[in-house]
Amino acid sequence: MSSPAPQLADPEAARRAAAAILRERRFHNPKVPRPLHGVLHDLGDVIGAVGRAVTRAVDSIGSGFPGGTVAVWILLGLALLAAIGFVARRYSRRELLRDSRRGAAARRGGGPERAADLEREAARAEADGQFEEAVRLRFRAGLARLAEDGAIRTARSTPNAQLARTLHSPDFDELARRFDEIAYGASPAGPGDVDDARRRWGELVSGRARS
């Protein structure tokens, strides 16, 4: 007795079965969220455009520059290093100033602020070009000086309006007005503000000492 002949598989059914298997999750990479993809892509386009613009400018300048484009790139590199060094020095001086203030506060141990310490910090801030901070420190130093001389009872805990009524000083009124503008009104300060604060505080303190 002969065995039955094997039946051939339907090719179309086999293709459908293979396609169904390949659609299973195990054959596809999972979709990972990329929330910054668009931002990074746009940033890359901007950086690329800037880089191409700089390259074209360097090529244009280098065509008539002694040493050609290589010399221009070297000069640009030196300028970049100088800028980085300048920013690093400014940041380092700023950190040293903050450390100095923290150290002074720790030495005071929560006691009253000393005018001499604050004046030194104000001078360092001024030398570093931090004029807003210098004005703030000059104001605190002036109040501390008045408190040390006995002209006012306390410095930091007394509102400026109350101090103005106590001192009856046009210089203090102007100092307090400008201090509030800089400290609370985000008004920029310049070297002239620091000079004016130094002069007015000197006249105010010396005048109170003579009276």
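Every value quoted in this text rests on a predicted model; they were computed, and no experiment measured them.

Q: Quick question: what am I supposed to make of the overall build of the protein chain here?
A: In terms of regular secondary structure, the protein chain is built from eight helices and zero strands. Each helix and strand of the protein chain, placed in order from N terminus to C terminus, yields the pattern α-α-α-α-α-α-α-α. For the protein chain, the proportion of its 211 residues judged to be buried stands at 26%.

Q: What should I look at first to understand a nonpolar patch on the surface in this one?
A: A surface patch of nonpolar side chains, about 870 Å² in accessible area, is lined by Ile-61, Phe-65, Val-70, Ile-74, Leu-75, Leu-78, Leu-80, Leu-81 and Ile-84. Take the nonpolar patch: its biggest share by element is seven residues, from helix H3 (residues 68-108). Inspection of the secondary structure puts Phe-65 in the loop between helix H2 (37-62) and H3. For Phe-65, a relative accessible area of 32% corresponds to the partly exposed category.

Q: Mind showing me how you'd approach unusual backbone geometry here?
A: Trans is the prevailing form of peptide bonds, just as negative phi is the prevailing case for residues other than glycine. Positive phi is not limited to glycine here, since His-168 has a value of about 50 degrees. Among the structural elements, His-168 can be located in the loop between helix H6 (160-167) and helix H7 (170-183).

Q: Hey, could you run me through the packing of helix H5 (residues 131-148) against H7 in this one?
A: Pairs of packed helices are described in terms of their axes, by the angle between the two and the distance that separates them. Put simply, H5 and H7 touch, their axes get as near as 10 Å, and they point 140 degrees apart. As summarised for this structure, H5 and H7 are arranged oblique, according to the angle between their axes. At the point where H5 passes H7, the crossing takes the left-handed sense. Within the contact between the two elements, H5 uses Glu-132, Val-135, Arg-136, Phe-139 and Leu-143 and H7 uses Phe-172, Leu-175, Ala-176, Phe-179, Ile-182 and Ala-183. Classifying every residue of the contact of H5 with H7 by side-chain character gives nine nonpolar, no polar and two charged.

Q: Looking at this structure, how should I read the side chain of Glu-113?
A: Note on placement: Glu-113 falls in the loop between H3 and helix H4 (115-127). At 2.3 Å, the side chain of Glu-113 forms a polar contact with the side chain of Arg-140.

Q: Help me understand the pattern of salt bridges, please; the structure alone is not making it clear to me.
A: Pairing of side chains with opposite charge becomes possible as their charged atoms draw close. Evaluated as defined, the whole model comprises 16 salt bridges. Between Arg-198 and Glu-126 there is a salt bridge, with the nearest N and O atoms lying 2.4 Å from each other. Of the two residues, Arg-198 is situated in helix H8 (residues 191-210) and Glu-126 in helix H4; the sequence distance between them amounts to 72 residues. Arg-198 gets classed as partly exposed once you look at its relative accessible area, which sits at 33%. Among the ionic pairs, Arg-177 bridges to Glu-181, the shortest N-O distance being 2.5 Å. Of this pair, Arg-177 and Glu-181 both sit in helix H7, separated by four residues, roughly a single helical turn. Here the residues in one salt-bridge network are Asp-171, Asp-196, Arg-199, Arg-200 and Glu-203, joined through shared partners.

Q: Can you help me understand the environment of Arg-200 in this one?
A: Residue placement: Arg-200 occurs in helix H8. Judged by relative accessible area, Arg-200 falls into the buried class, the value being 17%. Expressed as a C-alpha distance, the spacing of Arg-200 and Gly-142, which sit 58 residues apart in the sequence, is 9.5 Å. Setting aside anything within four residues of it in sequence, one finds Arg-200 in contact with Asp-171, Glu-174 and Leu-175. At 2.7 Å, the side chain of Arg-200 and the side chain of Asp-171 are in polar contact.

What counts, and where the lines are drawn
Residues numbered from 1 in each chain as written. Predicted model: local features only at pLDDT ≥ 70, side-chain atom pairs only at ≥ 80, totals over all residues. Heavy atoms only, no water. Helix = DSSP H or I, 4+ residues; strand = E, 2+ residues; numbered from the N terminus. Buried < 20%, exposed > 50% of the residue type's maximum accessible area, 1.4 Å probe, protein only. Patch = residues over 30% accessible without salt bridge, like charges linked within 9 Å, V, L, I, M, F, W, Y side chains within 5 Å. Areas by Shrake-Rupley, 256 points an atom, 1.4 Å probe, with all protein chains shown as cover. Salt bridge = Lys/Arg side-chain N within 4 Å of Asp/Glu carboxyl O. Axes fitted to C-alpha atoms, helices over the stretch in contact; angles between N-to-C directions. Parallel < 35°, antiparallel > 145°, perpendicular 65-115°, else oblique. Left-handed = near helix turned anticlockwise from the far one by under 90°. Contact = heavy atoms within 4.5 Å. Nonpolar A, V, L, I, M, F, W, Y, C, P; charged D, E, K, R; others polar. Polar contact = N/O pair within 3.5 Å; in protein donor to acceptor, adjacent residues only side chain to side chain.

Any functional reading would require information beyond the geometric quantities listed.
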